[in-house]
There are 2 protein chains.
Amino acid sequence: MPQPSAPRKTPGRPPRISREEVIATARRIVDAEGVDRLTMRRLATEIGSTPMALYHHVRNKEELLVLLLDDYAARALHRPELPAQPRERIVAAAAAIHEALAACPWIAEVLTADDLMSTSALWFVEQILDGLVESGLTPERAVHGYRTIWYYTAGEIVVRTTAARRRADDDGPTYRERVFADLDPNELPRLAQVADRWAPLTAENTYLDGLRALIDGLLAAH
Amino acid sequence: MPQPSAPRKTPGRPPRISREEVIATARRIVDAEGVDRLTMRRLATEIGSTPMALYHHVRNKEELLVLLLDDYAARALHRPELPAQPRERIVAAAAAIHEALAACPWIAEVLTADDLMSTSALWFVEQILDGLVESGLTPERAVHGYRTIWYYTAGEIVVRTTAARRRADDDGPTYRERVFADLDPNELPRLAQVADRWAPLTAENTYLDGLRALIDGLLAAH
DNA sequence: ACCTGAACACCGTTCAAGT
DNA sequence: ACCTGAACACCGTTCAAGT
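Owing to the predicted nature of the structure, the values given are computational and were not obtained by experimental measurement. (Residues numbered from 1 in each chain as written. Chains lettered and ligands numbered in written order. Predicted model: local features only at pLDDT ≥ 70, side-chain atom pairs only at ≥ 80, totals over all residues. Heavy atoms only, no water.)

### Overview of the interface of chain B and chain A
The condition that has to hold: By the convention used here, residues are in contact when the closest approach between their heavy atoms is within 4.5 Å. The buried area of a pairing is the accessible area, by a 1.4 Å probe, that goes missing from both parts when the two are put together, added over both. Think of a salt bridge as a Lys or Arg side-chain nitrogen and an Asp or Glu carboxyl oxygen that are within 4 Å of each other. Nitrogen and oxygen atoms within 3.5 Å of one another constitute a polar contact, given that in protein one can donate a hydrogen and the other can accept it, and given that sequence-neighbouring residues count only through two side-chain atoms. Each helix is a run of DSSP H or I of at least 4 residues and each strand a run of E of at least 2, with the numbering of both proceeding from the N terminus. Note on residue classes: Ala, Val, Leu, Ile, Met, Phe, Trp, Tyr, Cys and Pro are nonpolar, Asp, Glu, Lys and Arg are charged, and everything else, Gly too, is polar.
On the chain A side, the residues contacting the 63 residues of chain B number 64 residues. Note on chain B versus chain A: buried area summed over both sides is about 6,000 Å², and carbon and sulfur give 63% of it. Taken together, the links from chain B to chain A amount to 6 salt bridges. When the shortest N-O distance is used, the salt bridge between Arg 190 of chain A and Asp 130 of chain B registers 2.6 Å. Run the count over chain B and chain A and you get 15 residue pairs in polar contact (both at pLDDT 80 or more). It is helix H8 (residues 139–169) of chain B that contributes the most residues to the side of chain B that touches chain A, 19 residues altogether. Residue composition of the side of chain B that touches chain A, by class: 33 nonpolar, 12 polar and 18 charged.

Okay, structure coming up:
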């Protein structure tokens, strides 16, 4: 990370914009209008510069999005008091990550990779690992357990926000509705049985229930 | 769904291309060069037509991708013999869906919504629901259980394929590597302990272990 | 060292017209 | 009914030049 406020020996033209300003402006656009509207050109005009000037402060758009996510995590994830009991600490840490991500729908499209967790998020990862190890798992199995929780958490966010976006986009009957309308109750009886309740049932927020089930399963026999 | 092979009364110009041809050509492009290279213009030239002709057969690019996924599911998901024992049937059905999706990395970017499961995939959903109900869950809880499994499965695919793509893209040190390089062992001891093994550990395919833990948790006390 | 202008090589989609 | 040409309103990124 560069030191933007460090005294410069000015061996060249003084900078007009900073990496911080680029990120802050990008955040404003994303918060106000969504991640789709964040383009390098738009960002440049917003900042009162040209698209090319941006490339002097971030490598490309991908890096900009990573920096943006980091910036978001740093301000959204404040460290709460976590329960002392390991299982409950895991639940609370995972739920905190989930809550922060869920409050920020654009994040789902950006960050599904495993190597973009910001430094501020790592403290939560640490708590989860610690809870798993304290519950009797080896460090290796604890990493696998954490990953399982992360897959579940990321999947929940991505699936739910994509579904919500799609619902908002077209107001006609969804693809699912058309498929569910002509289900054969003989061939798929269980689905037919719940077909008309599918939308409300799947819209329910059952993240915590699923998380507890998952953690119960991970800790079973330990 | 239209009947493309039905006899026509030809009250107009005869079609030169069909929806099936559009989808088949799109599939060829995606299989050969990845989903990023599938553009309406590219597809039009490949098919020997113009971009606008495509819009007569699919509503827009989004619908094309949905149709493409459906087409893929229809040919990738053949129904295997599933175990009679409910828990093992759930595992096998979820694993079959996971295997089909994992073999098709482009799918992750396209299909993370909940209402795009094709008709052919529904049979697997049915098996999971049935296994959960047979294990003692109410139909409502079975739907929630299925969703939890789907979140986990979709998350695993999305996270792993995005990570793989990112690894392939830039050959420099990843963001995670830079962050992990200067972890404070006093503040984040568990992470520091596994920091150098993180990459291989998280690269391991532990989908089935996680799935079994999740299902154990869902079925606990039933 | 930092910024600019102009260009490259594209996108998805709409509109009005043709056959 | 189906297809075409031309256009609209954009993209991310590179290159060579300016200060």
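Right, picking up where we left off after that structure.
### Focus on the nonpolar core
Just so we agree on the cut-off: Nonpolar core, defined: a set of buried Ala, Val, Leu, Ile, Met, Phe, Trp, Tyr and Cys residues in which side-chain atoms within 4.5 Å join the residues together. For each residue, the accessible area found with a 1.4 Å probe, counting protein chains only, is set against the maximum for its type, and the residue is called buried under 20%, exposed over 50%, and partly exposed in between.
In terms of nonpolar packing, the biggest core is built from 142 residues, with Trp 106 of chain A together with Trp 106 of chain B touching the most fellow members. Apart from residues lying up to four places away in sequence, Trp 106 of chain A is in contact with Val 30, Asp 31, Val 35, Leu 68, Leu 69 and Tyr 72 of chain A.

### So, the relation of the copies chain B and chain A
What counts here: C-alpha atoms of residues with pLDDT of at least 70 in both copies form the basis for the least-squares superposition of the copies.
When chain B is fitted to chain A, the best match, at an RMSD of 0.0 Å, comes from turning it 180 degrees and sliding it 0.0 Å along the axis. Accordingly, the operation relating the two chain copies is best matched by a two-fold axis. A shared binding surface is used by both copies, with 100% of the interface residues of chain B retained as interface residues in chain A.

### Quick notes on the packing of aromatic side chains
The description of an aromatic ring pair rests on the distance of the ring centres and on the angle between the ring planes. Definition in use: Pairing of aromatic side chains here covers Phe, Tyr and the six-membered ring of Trp, requires ring centres within 6.5 Å, and sorts the geometry by plane angle: under 30 degrees stacked, over 60 edge-to-face, intermediate tilted.
Tallied over the entire structure, the rule returns 12 aromatic pairs over all chains. Taken together, a centroid distance of 5.1 Å and an interplanar angle of 90 degrees make the contact between Trp 123 of chain A and Phe 124 of chain A edge-to-face. With a relative accessible area of 0%, Phe 124 of chain A lands in the buried category. Grouping aromatic residues by their ring pairs yields a cluster made of Tyr 146 of chain A together with Phe 180 and Trp 198 of chain B.

### Some remarks on the pattern of salt bridges
All names here are of chain B. Under the defined criterion, the tally for this structure stands at 30 salt bridges over all chains. Residue Arg 212 pairs with Glu 88 through a salt bridge whose shortest N-O separation is 3.0 Å. Separated by 124 residues along the polypeptide, Arg 212 in helix H12 (residues 207–219) and Glu 88 in helix H5 (residues 86–102) bring together distant segments of the chain. With a relative accessible area of 36%, Arg 212 lands in the partly exposed category. Given a relative accessible area of 26%, Glu 88 falls into the partly exposed group. The partner of Glu 134 in a salt bridge is Arg 89, and the shortest N-O contact between them spans 3.2 Å. Of this pair, Glu 134 sits in helix H7 (residues 119–134) while Arg 89 is found in helix H5, placing the two residues 45 residues apart along the sequence. Judged by its relative accessible area of 47%, Glu 134 falls in the partly exposed class.

### Let's talk about the protein's contact with DNA strand C
Going by this rule: Only heavy atoms are used to decide nearness, and a residue is near a molecule or strand if one of them lies within 4 Å of it.
Contacts to DNA strand C come from 23 residues, most closely from Arg 16 of chain A together with Arg 13, Arg 41, Met 52 and Tyr 55 of chain B. For DNA strand C, the fraction of protein-proximal atoms (within 4 Å) that sit in sugar or phosphate groups is 51%. In this structure, a phosphate oxygen belonging to DNA strand C sits 2.9 Å away from a main-chain N or O atom of Ile 17 of chain A. In this structure, a phosphate oxygen belonging to DNA strand C sits 3.0 Å away from a main-chain N or O atom of Met 40 of chain B. Sorting the residues of the surface near DNA strand C by element identifies helix H3 (51–54) of chain A together with helix H2 (40–47) and helix H3 (51–54) of chain B as the ones contributing at least two each. When grouped by side-chain class, the residues that make up the surface near DNA strand C number 9 nonpolar, 7 polar and 7 charged.

Structural measurements only, silent on function.
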